[in-house]
Amino acid sequence: GGAVSISAGIGDTARGGAVTVTSGVGTATSSGGVTVATADGGSTGVSGAMLLKTGDAGNGNTGSYTVTTGAATNGVAGGINMTVGTGDTGTGGAMTLTAGESTAASGTGGAVTVTAGKGAGATAGAGGAVSISGGIGNNFTGGAVTVSSGVGTATSSGAVLIESSNAGNNGVSG
């Protein structure tokens, strides 16, 4: 089928044009949704790939990539779900989360931080939990959980630290 390309204008001596896709406002009810998807594959093909990335930078920082849901008043903020689809042949699809590499002489690689939400309630606001679990094996072994420090190819490897935080004024540490 024919392709569709949407591109903003080139800026010869200044910033290039932006591309904005926004759903419609519902002044009395909900705003409209935005769906970006590839079509299903045909009987002898695969579905199209999807790439979300920022461009390279020849002299400076590249753009950042942010995924966030909006704040809610009198309700619950929307969640963010990242799920690999189901396959009926072989191993399930993998999910990889990798921080950036630094090639600077004394640079440090990017960090990966997983933090549960803050419970900001005045009386009983409990913080959210972080759970890491191996996959279920219906008819075989369940998936393993491995926590490893980084290799130091020229010096020491990194440490592994598992600890509970200090308790507040009226509690005990975990």
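Structure report, in brief. This structure is a prediction, so every number in the text was calculated from the model and none was measured.

### Points about the overall build of the chain
Looking only at helices and strands, the chain has zero helices and zero strands in total. Relative to the globule expectation of 16 Å for 174 residues, the C-alpha radius of gyration of the chain, 23 Å, shows a markedly less compact shape. Structurally, the chain occupies a C-alpha span of about 60 × 55 × 50 Å along its principal axes. Put simply, of all contacts in the chain between residues at least 6 apart along the chain, 0% involve residues at least 24 apart.

### Quick notes on unusual backbone geometry
We note that Asn74 has phi near 60°; this positive angle belongs to a residue other than glycine. A residue is classified by how much of its surface remains accessible, and Asn74, at 84% relative accessible area, is exposed.

Reading the values: the criteria
- Residues numbered from 1 in each chain as written.
- Predicted model: local features only at pLDDT ≥ 70, side-chain atom pairs only at ≥ 80, totals over all residues.
- Heavy atoms only, no water.
- Helix = DSSP H or I, 4+ residues; strand = E, 2+ residues; numbered from the N terminus.
- Rg over C-alpha atoms; globule rule 2.2 N^0.38 Å.
- Contact = heavy atoms within 4.5 Å.
- Buried < 20%, exposed > 50% of the residue type's maximum accessible area, 1.4 Å probe, protein only.

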